[in-house]
Amino acid sequence: GNWRDKDAFFQLVTALTIRAESQRAGATRTSNTIDLPQIFSQHIRPELLKSSQENGGHPILLADAIQFVCTFRNQLPGLTEFIPVLATHCQSRHVVVHTYAAYALERLIYSHQFKRQDLEPYLTQLFQALFAVIDAPDSTSIEKQWENEYCVKAVMRLLLVADTAVAPAAQLITDKLVKALARVCGNPRNPKFNHYLFESLAVLIRVVCRGSSCEQNNGNQPSVQADAAASKFEVLLFPPFQSVLQMAVAEFTPYVFQILALLLDFKRELSPAYASLLPPLLHPTLWEHRGNVPALAQLLEAYLRIGTRLILDEGHLEPYLGVFQKLLASKLSEPHAFHLLTALFLSLPPQQIDPYLPTIFRLLLTRLQHNRDRVGLVHYFTAFIGLLAGKRGPSFLLQSLEAAGGQGVGANVLQHVIIPALISVPIFSEERDAKHAAVGLVRLLSEEPNACFSGPSPFWTNAAAALLGLLQANAKITQGGLILVSPLADITAGDDHFVGNVPGADYDAAFSQLAFGATTARPDAFATDVPDLGAYVQTAFTNLAASRPEFNQALQAAHAHPAAHPNLDDNTRA
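Treat the numbers as computed from the prediction; the structure is a model and nothing was measured.

1. Considerations on the side chain of Arg374
Right, on to step 1. Tracing the chain through its elements places Arg374 in the loop between α19 (357-370) and α20 (375-392).
Right, on to step 2. Within polar-contact distance, the side chain of Arg374 engages the side chain of Glu334 at 2.5 Å.
Right, on to step 3. Ignoring sequence-local partners within four residues, the contact set of Arg374 consists of Lys331, Glu334 and Arg367.

Set out below in C-alpha cells:
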C-alpha cells in the first residue's frame with residue numbers, strides 16, 4: 001500500500017492512544033479503547049522484521065515502527081526478541097532508521113526492558129553497528145559531518161549494562177572512541193555527542209578497572225590489577241588528551257581533566273606522564289577558564305591521594321596553596337577551595353602543612369569577615385575547623401586561630417558567627433562536612449568549654465543546642481558512619497549531566513559534569529575514629545556532666561532549646 005497512508009495511520013494511532021508520556025518513561029497512561037497488542041502484532045511487528053533495503057520496508061515506516069516500540073515499551077511484552085532486529089536496523093544506510101534504532105536501544109536499556117543476559121549474545125553485533133555509524137560521517141566534507149548523539153549515547157548505555165563482558169573488547173572500543181574524539185577535536189559542534197563520547201570513556205574505564213580488581217584489599221588502595229588496567233588506559237588516552245590540552249579545545253578540557261582524575265582513582269602511584277602534567281595544571285592561566293575549575297580542582301585532589309611525595313619533593317605545595325587562595329576569592333569556586341584545603345590537611349604530614357596555617361586562617365577569617373551572613377561559607381568554614389579540632393584537638397585549633405587573628409578570635413567567631421548560622425540553617429549541603437563540623441563542636445564543647453563559651457553560659461547552651469539540631473537535621477551522619485565511595489552509578493544515570501541541556505549555557509559559564517567520572521564523594525575523615533557519631537556525642541556529654549556537674553543544667557537547657565529540634569520544613573540546604 002501507499003507508505004504515506006501507513007505513516008499517517010501510525011501517527012494517528014500513537015496520538016489517540018497516549019494519555020500521558022515522558023521522555024524518560026515513554027507512554028505512562030494509554031487509552032483503553034485502542035488494542036495496542038493487536039495493532040503491534042498486525043502492523044508494527046511485520047514492519048520491524050522487514051529489511052531496510054530498497055526492496056524491503058520503507059525507511060519512514062521502519063522508523064515509525066521503531067518509534068512505536070520505544071514509545072509503548074511499558075505496554076508491550078516480549079520486546080527482547082527485537083534486539084537482533086534493532087542491531088540490524090542500527091546498520092541501516094538511512095539516517096532516520098539507524099538513529100531511531102539507536103535511540104530505541106538506549107531507551108529500552110534505560111528502562112530495564114533489555115538486561116545484560118538479553119544483550120550479551122548480540123554485544124559484538126550491536127557495537128559494530130553503532131560504531132559503523134559513529135566512524136562513518138554522512139559526508140566526506142568536514143562542514144557537512146553530523147555526529148550522531150543517539151548512537152554514542154547507546155554505546156554508553158550498552159557499556160553500562162554489559163559491564164565486565166566488554167573487557168575483552170575494551171582496547172578496540174577505546175580505539176573507536178579515541179578515533180571519534182580526534183575527528184571532532186577540529187570542529188566540536190555537537191555538545192551532546194561530545195558529552196556522551198566522554199561518558200562512554202568514563203564508563204569503560206570504570207567497568208574494566210573495577211572488573212580487573214580482585215577482592216577488596218586494605219583500605220581504599222586500588223588493587224594491583226586495577227592499577228594495571230588503568231595504566232593501559234593511560235597509554236591509550238594520554239596522546240589524544242595531550243593533543244586536546246595543547247590545542248586548548250575549551251569544550252573538551254573539562255572532560256579530559258575528569259577522565260584523568262578517574263584514572264587516578266584506580267592507580268597506586270603516579271606515572272612519569274602524570275608527574276610531568278602536574279606543573280602545567282598549577283599554572284594560573286589554566287584556572288582563568290571557569291569551565292575548567294571544578295574538574296581541575298577534582299584532579300588536584302586526586303593527585304594528593306597518591307602523589308604527596310612528588311608534591312613535596314618538587315616544591316608544588318606553595319602552588320597548591322596559591323590555587324586554594326584563588327579559588328577562595330570567588331563565591332562560585334569557594335566549595336572547591338575548601339575541598340582542596342581539606343584534602344591537603346588530610347594528605348600531608350603535619351610538619352609540612354602547619355607552618356602555613358596562620359596564613360590560611362588569615363585568608364579564611366578575612367573572607368568570613370566580609371561574608372559572615374552567607375551560611376554556605378560559614379558551613380564550609382565550620383566543617384574545616386571541626387576537622388582540625390577533631391584531628392588535632394581543640395587547643396591546637398584555638399592556638400592556630402589566635403596566631404592568625406589575635407587573642408579570643410576563636411571564641412568570638414564561634415559565638416557570633418558559627419553558632420547563629422547553625423541555628424538558622426542546620427542542614428549542610430554535604431553530609432561529610434556536617435559530620436566534620438559535629439565532631440569538632442563536640443570536642444570544643446566538652447574539652448574547651450571555658451575558653452570557647454565562658455563555661456556553662458548561655459553561649460555554651462546555644463552551641464550545644466545547635467549541635468543537637470545539626471545532628472537531627474543531618475540524620476544520616478549518626479547512622480553508623482557515611483558510605484561515600486559508591487560503586488558504578490546506576491544504569492539510569494547519565495541523562496542530564498551536560499551543559500547542552502541548559503538553554504543558552506556555554507562552556508565558559510557552566511561545567512559539564514560527567515555522571516560516570518571520578519567520584520565526587522569525599523572520604524569521611526572520622527570513619528575509623530568516630531564510627532557512631534550519636535554514641536560519640538552521648539559519651540562526651542555524659543563524661544562532661546560527670547566530671548563537671550555545673551554543666552548539668554546547661555545541658556538540660558540545651559536539650560529543651562528550640563534549636564535542638566529544628567523545623568526542617570523551614571530549612572534548606574546551604
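2. Observations regarding the pattern of salt bridges
Right, on to step 1. Considering all chains together, one arrives at 19 salt bridges under this definition.
Right, on to step 2. A salt bridge links Lys6 to Glu47, with the nearest nitrogen and oxygen atoms 3.2 Å apart. A residue pair is termed long-range when its members are at least 10 positions apart, and Lys6 in helix α1 (residues 3-17) and Glu47 in helix α2 (residues 36-49) qualify at 41 residues.
Right, on to step 3. Given the relative accessible area of 28%, Lys6 is considered partly exposed.
Right, on to step 4. Relative accessible area serves as the criterion here: at 1%, Glu47 is assigned to the buried category.
Right, on to step 5. In this structure, Glu106 engages Arg107 in a salt bridge whose closest nitrogen and oxygen atoms are separated by 2.8 Å. Residues Glu106 and Arg107 agree in their burial class; the two are buried.
Right, on to step 6. Taken together, the salt bridges that share partners define one network made up of Arg116, Glu120, Asp163 and Arg210.

3. Section: the nonpolar core
Grouped burial of nonpolar side chains is what soluble globular proteins tend to show.
Right, on to step 1. With 196 residues, the main nonpolar core has Phe361 and Phe381 as its most contacted residues.
Right, on to step 2. The residues contacting Phe381, other than those within four sequence positions of it, are Phe338, Phe361, Leu364, Leu365, Leu368, Leu401, Val413 and Ile418.

4. Remarks on the packing of helix α12 (residues 253-265) against helix α13 (residues 272-281)
Right, on to step 1. The geometry of α12 relative to α13 is characterised by a closest axis approach of 13 Å and an angle of 135° between their N-to-C directions. On the basis of the axis angle, α12 is oblique to α13. Pair α12 / α13 crosses with left-handed handedness. Between α12 and α13, the residues in contact are Phe257, Leu260, Leu263 and Leu264 and Tyr274, Leu277 and Leu281, respectively.
Right, on to step 2. Classifying every residue of the contact of α12 with α13 gives 7 nonpolar, no polar and no charged.

Parameters at a glance
Residues numbered from 1 in each chain as written. Predicted model: local features only at pLDDT ≥ 70, side-chain atom pairs only at ≥ 80, totals over all residues. Heavy atoms only, no water. Helix = DSSP H or I, 4+ residues; strand = E, 2+ residues; numbered from the N terminus. Polar contact = N/O pair within 3.5 Å; in protein donor to acceptor, adjacent residues only side chain to side chain. Contact = heavy atoms within 4.5 Å. Salt bridge = Lys/Arg side-chain N within 4 Å of Asp/Glu carboxyl O. Buried < 20%, exposed > 50% of the residue type's maximum accessible area, 1.4 Å probe, protein only. Core = buried A, V, L, I, M, F, W, Y, C linked by side-chain atoms within 4.5 Å. Axes fitted to C-alpha atoms, helices over the stretch in contact; angles between N-to-C directions. Parallel < 35°, antiparallel > 145°, perpendicular 65-115°, else oblique. Left-handed = near helix turned anticlockwise from the far one by under 90°. Nonpolar A, V, L, I, M, F, W, Y, C, P; charged D, E, K, R; others polar.

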